[in-house]
Amino acid sequence: MMEVEGSMNRAPDQSSFLRSRRSKALYQFKQQNLPACKPVLTPISVITVFMLMGFVFIPIGLITLRASRDAIEIIDRYDVECIPEEYKTNKLSYITDSSILKNCTRYLKVQKYMKAPIFIYYQLDNYYQNHRRYVKSRSDQQLLHGLEYSHTSSCEPEESSNGLPIVPCGLIAWSMFNDTFTFSRERTKLKVSRNNIAWKSDREQKFGKNVYPVNFQNGTLIGGAKLDPKIPLSDQEDFIVWMRAAALLSFRKLYGRIEEDLEPGTVVEVNLMNNYNTYSFSGQKKLILSTSNWLGGRNDFLGITYLVVGSSSIVISIIFMLLHLKNPRPYGDNSWNKKSLAS
Amino acid sequence: MTKCRRRRLHLSNIYAFKGRKSSFQEDHSHIGGPGFSRVVYCNEPNSPAAERRNYTGNYVRSTKYTPASFIPKSLFEQFRRVANFYFLVTGILSLTSLSPYSPISALLPLTFVIAASMVKEAIEDWGRKKQDIEMNNRKVKVHDGNGKFRREGWRNLKVGDIVIQNSTDPPSKRSRIERKMDKIIYLMFGVVFLMSFIGSIVFGIETREDRVRNGGRTERWYLRPDEADIFFDPDRAPMAAIYHFFTAVMLYSYFIPISLYVSIEIVKVLQSVFINNDILMYYEENDKPAHARTSNLNEELGMVDTILSDKTGTLTCNSMEFIKCSIAGTAYGRGITEVERSMAMRSNGSNLVGEDLDVVVDQSGPKIKGFNFQDERVMKGNWVKQRDAAVLQKFFRLLAVCHTAIPETDEATGSVSYEAESPDEAAFVVAAREFGFEFFSRTQNGISFRELDLASGKTVERVYRLLNVLEFNSARKRMSVIVRDEDGRLLLLSKGADNVMFERLAKNGRKFEEKTREHVNEYADAGLRTLILAYREVDENEYIEFSKNFNEAKNSVTADRESLIDEITDQMERNLILLGATAVEDKLQNGVPDCIDKLAQAGIKIWVLTGDKMETAINIGFACSLLRQEMKQIIINLETPHIKALEKAGGKDEIEQASRESVVKQMEEGKALLTASRSASSHEAFALIIDGKSLTYALEDDFKKKFLDLATGCASVICCRSSPKQKALVTRLVKSGTGKTTLAIGDGANDVGMLQEADIGVGISGVEGMQAVMSSDIAIAQFRYLERLLLVHGHWCYSRISSMICYFFYKNITFGVTVFLYEAYTSFSAQPAYNDWFLSLFNVFFSSLPVIALGVFDQDVSARYCYKFPLLYQEGVQNLLFSWKRIIGWMFNGVFTALAIFFLCKESLKHQIYNPNGKTAGREILGGTMYTCVVWVVNLQMALAISYFTWLQHIVIWGSVAFWYIFLMIYGAIAPSFSTDAYKVFIEALAPAPSYWLTTLFVMFFALIPFFVFKSVQMRFFPGYHQMIQWIRYEGHSNDPEFVEMVRQRSIRPTTVGFTARRAASVRRSGRFHDQLNKNFIAF
């Protein structure tokens, strides 16, 4: 496939070998005559490339797919079921009525053995956390420095309330997810850890250790969760997780970890507070329990595409091979270049 | 150029053809008018009148800028480009709250790009400045009165000093490719606006949905639409959509490659450096390298369709050499012409060029100017031993006597040199001298020469009494002298063109006619100028009669004096006895036939525009293989008896009318011939030869289309006796008439108009002054360098620039479409998929160097193969590499790549657990992964697209990818207040996650599959010409002549010119085409 061609290959003078070599290189450069590799897409190389691609992609695909299958996932959509029967026709009035206690119980049946840590996620669908108005509506400086930093115009309209600045300001903070979950197995509470769910760099460098929520959710319109004003932002990990905006309109966020293994057949009882309003924009809420593997969680997509493309490459390679064998271009045959270029 | 002497030659005035007379009047009607002409006091610099006029100095400034004007003017120049202006507008808009990204990240690349362009401008202007300084300090001779000259610096000249000046504002030329590129940019603008428009509509609709409902809560309550400013206000959604449109236009500015112009400029400058440094275009004798004076036209060099060439000084060196002769039916002279040499080098099987090719010629001994004759049979007095010594003697005597040259004897050495009217004539006398018949003195009525006395064997001086000179003119095509020799015999010695001479031979004077004719034809085919030599003895009575009539005629004052003389001399020059023929080579410059042959094989049409007379031009046509014997010559001139008669009778309108009619008729006849030949599908080739006078009419508005039609149907076109203006007009006609690229090449001041009018003007930096070079775009020292300039550099530059532009748009579309697709998932809120700095640095850092390297270094085919397969050049002429098909193809490739990158990344990172710690992928991770894929894919695409890898390509391609990772780490290490969401994104999130690497790996291969498959299939089943050559090189078939010829063959067409075609034609004629061709291939 490769051929190295360098013209002007005159034997260099022995005495000033190094110098002449350097000047030769410069000369070759100036004369556009540097030794070069000129790959040509010959049928053999094309067949080889596709073959190789197939042979590399298929194992990767298998491994990836296997890893994906290793992760056990329980998904439970609860936003519809958790609305009491009488509010089914008017979910919005239910969710916006702050006087109703919105607790709800869900039972999740474990099908396969799930090894700790079992990650707990909530998933929101049709939620534009990537909307420009939303993404921009925060102040990283304020999150780090608190009230010391006052240029928070980007947080509008959640910059200040009652004439006082809000910490943390902005729409993201204001709209924080506020459903809560507790998990129990056969009446005993499962050990759920809610630490270390945020990225380390966020905890340490982006959210101030001495920054406490001030004047938060004090306005006329309450968005989402309230924050404990006694805990510094850097320790409010669920808040930190929320603040990292999702890329797409359907996303999961880490809620916590169940630190116990779950046997198949176990029924996990979930007590949740269905506070968060996704009803006005026909969003969905899901609760997910999932184990992880070396690759992450369950997602067959990558594995399958690897397999498909890998096997297609082999097919393409074989097609090329057949075409080549059936229709070889014999030495000196010019029938392949019939297409006349000259007018 | 001159500051005050702005007597601009307005191009439109100069070149729009209005007929000689009217334009003359028009020019003069402006005298005294403002800005057009002025009163000058010649050679009275100190006269009070001149002082009063207070002319400014002669300081020449050709620079574009002064230190003061540089900043504003160059900025203006930069932003005059529509793309740059667009970026300026988006840059300014980015300062407002409309901006989707931070202003600094948008302005910095723009500043960088503009600064780079300005630095380039400054460097170029500095070059011009240096040239100016040299120019201004140049010394000229100024007439000081009384015929004396003093030396004066150019800058100190005053108006009225007498020197020559000739300067016009050079036209600014842009290449076809760049003009097409502008169209692509407009297309991209269209795409950007369309996408913004669509986005704005969707955005407007979605924003309106958010308006406050009855319940008091809104749809997407988390956006607080109830408190939104105008940009997101659901109640004023149409307004918000309009504002959004501007934001989107800014965001999608990544579709337009901001660095395109500056990259192309850098690339072109570097290409020019390569052209200037090419050792194979360096003329050692004069220490003249090639010099690309403008870098704008590099790729245009690869698209030349027609070359319009000057003759003297360009094709020929303007020196005549006596090289062969045929005396008494025997051919003498073993010298080899340039054409024969080229042909001999190509084929040793051909028998076309005479039998003495293989003779190794003794080239030793001092070279004599005008004489290149070697033949031991006649040299050094050996001629006396020849059988026909008497004829030989007469022949040489004729050479020594029948001419109008004047000898100059060097007192010191006693050697004689000659001043002659034409270099041909000088060559004859020199030849006579070398044969031993040394003409050394001319008196009022005598011609003296030394010769060997056959009887005594000594050198004797002879004096011939010169009685009459019957002068040469183009109608007579002969000249004669009547002399009385020392024995008192009256002799008429005559030399002239074969067609007039053969018919004047006496019955008993035709002894050698057959042989001589044969030789003359051979000589003519070899590109030599031939003359027939003949004589007769004149009867005393006859002469007395003639002398009387002749003198009478000469002294007459009637209108028909000339025809009277013609008649009388015609009577005299009859019954001649043939001696032989001479062959003089109008010395071609080195390698000219070879170069023309290659250019012709490349499918380039070559027109010769010369001021010379028709015979000379035709001869040169033969010499350069632009004409060959069996070509049908369509000659258009006004030498018909009818016109001549009219010319005598006067009546300008009448002459004009008749001339016009005659020219049109001749053109129509020519066209009819062409059509007939074409419909008979014969392989006949045509040549059009037209003289200046006819050209005047042919170029008139009504007929120029006809003329062009005829001319383009002919294999070669020769315009003789053409004025500089006609040269320019013909150039313009070809340029605008065919719409193809024209290249004009010339060396003299009379070629300036042509050089400026053509798409590319190439000046020969020879001896004939600097004007041509100063007004050229590229200067080379020798015509033959044109071959390398066009076939190698031209082709490379063309293929490079076109690939480069295609790739530029590909990479920006790839990038832009990923941004757009992400938009679709943010309800078109104009949230960029990437970090601001990722966005803005894409064009500058992560994809710029490889594309520049592509533009500067890529070689689809090496120089050797460019020469070997000249037809490759047609890729440029037909613009195959920059066709809309290819451009759109690349664009679609970009769209596909973007779709692949976006959807694959989106799906494989879809709300799954992203890493073993259970974290999920946020915006920054999707953005980072997509961006990594984009960087990888566009760089790998580059690696796939180029066909030439040196260490440089490896460095820039893999370096760009590596630099992305390095940048990501460095940028991620900066405090989060600056790096925002890119903080530690690589170290913490991307790099440790296997899914990041697996996704990248998959996407980059997947995105390239379509291109790879396409290229493989194309290479295998529909290879382009350069790909065929790559095949040949790769498979090592280049040493298999038969195979190579299969590919080459198509370049040898019967209708082309050049000696390869000539040989092919003549072989075909002899019906041994295939055998011979095959035989010849072995020789390749």
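Residues numbered from 1 in each chain as written. Chains lettered and ligands numbered in written order. Predicted model: local features only at pLDDT ≥ 70, side-chain atom pairs only at ≥ 80, totals over all residues. Heavy atoms only, no water.

## A word on the environment of Leu 262 of chain A
Residues and elements named next belong to chain A. The residue Leu 262 is located in the loop between strand E11 (251–258) and strand E12 (267–273) in this model. A C-alpha to C-alpha distance of 10.0 Å links Leu 262 and Lys 109, two positions 153 residues apart in sequence. Leave out the neighbours within four places in its chain, and Leu 262 touches Val 110, Lys 112, Tyr 113, Met 114, Ile 118, Arg 185, Leu 190 and Val 268. (Helix = DSSP H or I, 4+ residues; strand = E, 2+ residues; numbered from the N terminus. Contact = heavy atoms within 4.5 Å.)

## A look at the pairing of strand E3 (residues 73–77) of chain A
Residue and element names in this part refer to chain A. Across the two faces of E3 the burial differs, with Ile 74 and Asp 76 buried and Glu 73, Ile 75 and Arg 77 not buried at all. With 5 bridges joining them, E3 and strand E13 (residues 284–290) adopt antiparallel strand pairing. Its bridge partner being in E13, Asp 76 is matched across the sheet by Leu 287. (Buried < 20%, exposed > 50% of the residue type's maximum accessible area, 1.4 Å probe, protein only. Pairing = 2+ DSSP bridges.)

## Points about helix H33 (residues 951–973) of chain B
Residues and elements named next belong to chain B. Taking 1.5 Å of rise per residue, 23 residues should cover 33 Å, and H33 covers 31 Å from first to last C-alpha, within 8% of that figure. A bend of about 30 degrees at Gly 959 is the largest found in H33. Among the residues making up H33, those that are buried are Leu 952, Gln 953, Val 956, Ile 957, Ser 960, Val 961, Trp 964, Tyr 965, Phe 967, Leu 968, Tyr 971 and Gly 972. (Expected span 1.5 Å × (residues − 1). Bend = angle between axes of the 7 residues up to and from the residue.)

## Overview of the nonpolar core
Residues and elements named next belong to chain B. Judged by nonpolar contacts, the single largest core of 152 residues is most densely connected at Tyr 252 and Tyr 834. The biggest single contributor to this core is helix H26 (residues 785–824), with 16 residues. Sequence-distant contacts of Tyr 834, that is, excluding residues within four places in its chain, are made with Phe 815, Thr 818, Val 819, Leu 839, Gly 927, Met 930, Tyr 931 and Val 934. Counting 71 residues, the second largest nonpolar core, distinct from the first, contains Val 378, Ala 389, Val 429 and Ala 553. (Core = buried A, V, L, I, M, F, W, Y, C linked by side-chain atoms within 4.5 Å.)

## What to know about unusual backbone geometry
In this chain, Ala 116 of chain A is followed by Pro 117 of chain A through a cis amide linkage whose omega measures -5 degrees. Position of Pro 117 of chain A among the secondary structure elements: in the loop between strand E4 (103–109) and strand E5 (118–125). Even without glycine at this site, Arg 224 of chain B takes up a positive phi of about 50 degrees. Looking at where Arg 224 of chain B falls in the secondary structure, it is placed in the loop between helix H7 (176–209) and helix H8 (237–251). If you check the backbone angles, Phe 828 of chain B has positive phi at about 50 degrees while not being a glycine. Tracing the backbone through its elements, the reader meets Phe 828 of chain B in the loop between H26 and helix H27 (836–846). The exposure class assigned to Phe 828 of chain B is buried, which follows from its relative accessible area of 8%.

## Thoughts on the UniProt feature "transmembrane region" (unreviewed entry) in chain B
Residue and element names in this part refer to chain B. The positions UniProt marks with the feature "transmembrane region" (unreviewed entry) are residues 184–205, 241–262, 808–825, 837–857, 887–905, 925–948, 955–974 and 994–1014. A helix fraction of 95% and a strand fraction of 0% characterise residues 837–857, whose end C-alpha atoms lie 30 Å from each other. Helix and strand shares over residues 925–948 are 88% and 0% respectively, and the end C-alpha atoms of the span are 35 Å apart. (UniProt positions renumbered as here; feature names shortened; annotations may be inferred.)

## Digging into the sheet that holds strand E18 (residues 686–691) of chain B
All names here are of chain B. Spatially, the 9 strands line up as an open sheet ordered E3-E22-E21-E20-E4-E16-E19-E18-E17, and their pairing is mixed. Looking at strand neighbours, the two that pair on one side only are strand E3 (291–292) and strand E17 (632–636), the edges of this open sheet. When strand E4 (residues 304–309) meets strand E16 (residues 605–609), the two strands line up parallel, connected through 4 bridges. What sits directly across from Ser 309, in E16, is Val 608. Sitting on the sheet, helix H23 (residues 724–738) is in contact with E4, E16 and strand E20 (741–746), with an inclination near 160 degrees to E16. (Axes fitted to C-alpha atoms, helices over the stretch in contact; angles between N-to-C directions.)

## Points about the packing of helix H2 (residues 43–70) of chain A against helix H9 (residues 300–326) of chain A
Residue and element names in this part refer to chain A. Where H2 meets H9, the closest approach of the two axes is 7 Å, and the angle between their N-to-C directions is 160 degrees. The angle between the axes of H2 and H9 places the two elements in the roughly antiparallel class. As H2 runs across H9, the sense of the crossing is left-handed. Across the contact of H2 with H9, the residue classes break down as 23 nonpolar, 10 polar and 2 charged. (Parallel < 35°, antiparallel > 145°, perpendicular 65-115°, else oblique. Left-handed = near helix turned anticlockwise from the far one by under 90°. Nonpolar A, V, L, I, M, F, W, Y, C, P; charged D, E, K, R; others polar.)

## Re the interface of chain B and chain A
The accessible area lost on association of the parts is a frequent measure of interface size. Contacts between chain B and chain A engage 111 residues on the former and 105 residues on the latter. When the shortest N-O distance is used, the salt bridge between Glu 158 of chain A and Arg 224 of chain B registers 2.3 Å. Counting across the interface, chain B meets chain A through 26 residue pairs in polar contact (both at pLDDT 80 or more). The residue inventory of the side of chain B that touches chain A, partitioned by class, reads 53 nonpolar, 30 polar and 28 charged. (Salt bridge = Lys/Arg side-chain N within 4 Å of Asp/Glu carboxyl O. Polar contact = N/O pair within 3.5 Å; in protein donor to acceptor, adjacent residues only side chain to side chain.)

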